[in-house]
Structures are given as C-alpha cells and as structure tokens.
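Results of the structural survey
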Amino acid sequence: MSATPDPRPLTGEPVSLDLLNTRWMHEGAVRDLLTDTKGLAVWLRGNRLDFPADETVLRHTLQARDALHAVVDGSLAEGSAGVDTVLAHGRVRVTLTAQGPGEIPEFSDPSWGPGWLAARDYLELLDTAPDRIRGCAHESCILHFFDTSRNGTRRWCSMAACGNRAKASRHYARQTKGD
C-alpha cells in the first residue's frame with residue numbers, strides 16, 4: 001500500500017507555517033488538507049511527526065492551526081491567547097545528552113503533540129527573525145513561508161507559481177495598455 005501523496009503546492013516550510021499551509025487556493029477555491037484523518041496522516045508524515053492520525057489529534061491540530069492563523073494573519077496582541085492555550089498542553093524538559101544540551105517536549109496529552117510542536121516552532125521563528133515570516137505577495141494566494149533568502153526580499157511562496165503569475169499579469173497589463 002503506497003502512501004497518499006501530499007497535494008499541497010508548497011511543503012517543507014517550518015512546521016508552524018507548514019501547518020498554516022494545509023489550506024491553499026486551487027482554481028479560485030480554498031482547499032484544506034485537514035478535513036479528515038487521511039489528510040492529517042499526510043501532514044504528519046510530511047513533517048516526520050510520529051503521532052496517530054486520529055480524530056482527537058486532528059481536532060487539537062486544527063485548534064493549533066486556527067491559533068497560528070490568528071497571530072500570523074492577524075495580530076500577536078489579539079491572537080496570542082489562542083497560541084498560549086495550545087502551549088499550555090506541553091512543556092520542554094531541558095536535558096544533557098552525549099551531544100550536549102538538549103530539549104525533550106512533554107505533553108499533558110499526546111494528542112496535543114503536533115499542534116504544540118507547531119506552536120513552539122512559531123515561537124522559535126519569532127525569536128529568530130519575525131520579519132522573515134511572510135505571506136505570499138500574490139493577491140490570490142494564502143500560503144506562508146519563512147524567508148531564508150540572503151537579502152530577505154523573497155515575496156512569493158514559489159517563483160515558479162505565484163511569482164510567474166504576477167510577472168505574466170504585469171506583462172499582460174503593459175501589453176493591453178499599449179493597445
């Protein structure tokens with residue numbers, strides 16, 4: 001039995017933004033990977049998260065996605081309580097390993113694991129470079145990315161998709177304006 005492929009146009013972002021990217025636009029309509037446990041299994045596998053893809057994990061992961069959406073596309077002041085609610089279901093235990101300092105996440109209920117890890121990841125992105133957490137600049141795209149470009153000027157979720165659409169749109173506008 002082969003694994004269901006991930007249908008999303010953008011994958012591989014940090015887990016917090018990848019969770020947000022479980023909703024995307026396709027032919028003018030919003031698609032959602034997390035409508036059922038099969039989609040959750042695809043997302044968990046894509047992020048190498050070893051949790052069961054069951055209804056409880058799905059419900060908690062959706063709550064985390066909603067909380068992250070509120071802070072990323074809204075405001076930290078208004079959305080932080082939702083992220084804090086998710087974070088209240090876990091903690092980090094600091095440890096010393098043979099490789100040096102380490103951290104082990106612990107959850108009050110393991111079904112909060114994926115959502116908690118995504119919320120924790122978002123805090124790390126905020127601590128690292130909050131100005132590099134971006135939404136795609138294309139007006140019909142709802143995807144997010146962490147800008148790792150050298151000069152920090154990335155605007156598109158994908159140059160091949162949204163970047164090219166924007167270029168083609170500008171070109172078409174120039175051509176029709178000249179007529």
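All figures in this text were calculated on a predicted structure; none of them were measured in a lab. (Residues numbered from 1 in each chain as written. Predicted model: local features only at pLDDT ≥ 70, side-chain atom pairs only at ≥ 80, totals over all residues. Heavy atoms only, no water.)

1. Thoughts on the packing of aromatic side chains
Heads up, the condition is: Whether two aromatic rings pair depends on their centres lying within 6.5 Å, for rings of Phe, Tyr and Trp, where Trp uses its six-membered ring; planes under 30 degrees apart make the pair stacked, over 60 edge-to-face, and the rest tilted. In this description a helix means any DSSP run of H or I spanning at least four residues, a strand means any run of E spanning at least two, and both kinds are numbered starting from the N terminus. To sit over a ring, a charge needs its Lys NZ or Arg CZ within 6 Å of the ring centre and within 35 degrees of the ring normal.
All told, the structure shown has two aromatic pairs when counted by the stated rule. Consider the rings of Phe-51 and Phe-107, whose centres lie 5.9 Å apart with planes at 65°: the pair is edge-to-face. Of the two residues, Phe-51 is situated in the loop between α2 (37-46) and α3 (55-72) and Phe-107 in strand β4 (residues 100-107); the sequence distance between them amounts to 56 residues. Plain terms: the ring middles of Phe-107 and Trp-116 are 5.5 Å apart, the flat faces sit at 75° to each other, and that makes the pair edge-to-face. An aromatic cluster is defined as three or more aromatic residues linked by ring pairs; in this entry it consists of Phe-51, Phe-107 and Trp-116. Above the plane of the ring of Phe-145 lies Arg-154, whose end atom (NZ or CZ) is 4.0 Å from the centre.

2. Quick notes on the packing of helix α4 (residues 76-87) against helix α5 (residues 113-128)
How we decide: Angles shown run from 0 to 180 degrees and are taken between the N-to-C directions of axes, each axis being a line fitted to C-alpha atoms and, for helices, limited to the stretch in contact. Reported orientations rely on four angle classes, namely roughly parallel under 35 degrees, roughly antiparallel over 145, roughly perpendicular from 65 to 115, and oblique for the rest. Two helices that cross are described as forming a left-handed crossing if the nearer one is turned anticlockwise from the farther one by less than a right angle, and a right-handed crossing if clockwise. Every residue pair with non-hydrogen atoms within 4.5 Å of one another is taken to be in contact. Amino acids outside the nonpolar list (Ala, Val, Leu, Ile, Met, Phe, Trp, Tyr, Cys, Pro) and the charged list (Asp, Glu, Lys, Arg) are all regarded as polar, and Gly is one of them.
It is at 9 Å that the axes of α4 and α5 come closest, and there the two elements cross at 135°. What the angle tells us is that α4 and α5 run oblique. α5 is crossed by α4, and the crossing has left-handed handedness. Side by side, α4 and α5 meet where Leu-76, Val-83, Val-86 and Leu-87 of the first sit next to Gly-115, Trp-116, Ala-119, Arg-120, Tyr-122, Leu-123 and Leu-126 of the second. A breakdown of the residues in the contact of α4 with α5 according to their chemical character gives nine nonpolar, one polar and one charged.

3. Overview of unusual backbone geometry
In the Ramachandran plot, Glu-27 falls in the positive-phi region, its phi being about 50° despite a non-glycine side chain. Among the structural elements, Glu-27 can be located in the loop between β1 (23-26) and β2 (29-32). With phi around 50°, Arg-48 is a residue other than glycine that occupies positive phi space. Note that Arg-48 resides in the loop between α2 and α3.

4. So, the pattern of salt bridges
As a reminder of what qualifies: Within this document, salt bridges are pairs made up of a side-chain nitrogen of Lys or Arg and a carboxyl oxygen of Asp or Glu, the two lying within 4 Å of each other. A simple rule labels every residue: compare its accessible area, found with a 1.4 Å probe on the protein chains alone, to the largest value its type can have, and call it buried under 20%, exposed over 50%, or partly exposed in between.
The final tally for this structure, using the stated rule, is nine salt bridges. Glu-106 is paired through a salt bridge with Arg-93; the nearest N and O atoms lie 2.6 Å apart. Taken together, the residues span a long stretch of sequence, with Glu-106 in strand β4 and Arg-93 in strand β3 (residues 90-97) at a distance of 13 residues. Its relative accessible area of 23% is what places Glu-106 among the partly exposed residues. The class for Arg-93 is partly exposed, based on a relative accessible area of 36%.

5. Some words on the pairing of β3
Defined as follows: The rule for pairing is simple: two strands pair if DSSP sees at least two bridges between them.
Where β3 and β4 come together, eight bridges link them in antiparallel fashion. If you follow Gly-90 over to β4, its bridge partner there is Phe-107. Here β3 folds back onto β4, and the loop between the two strands holds two residues.

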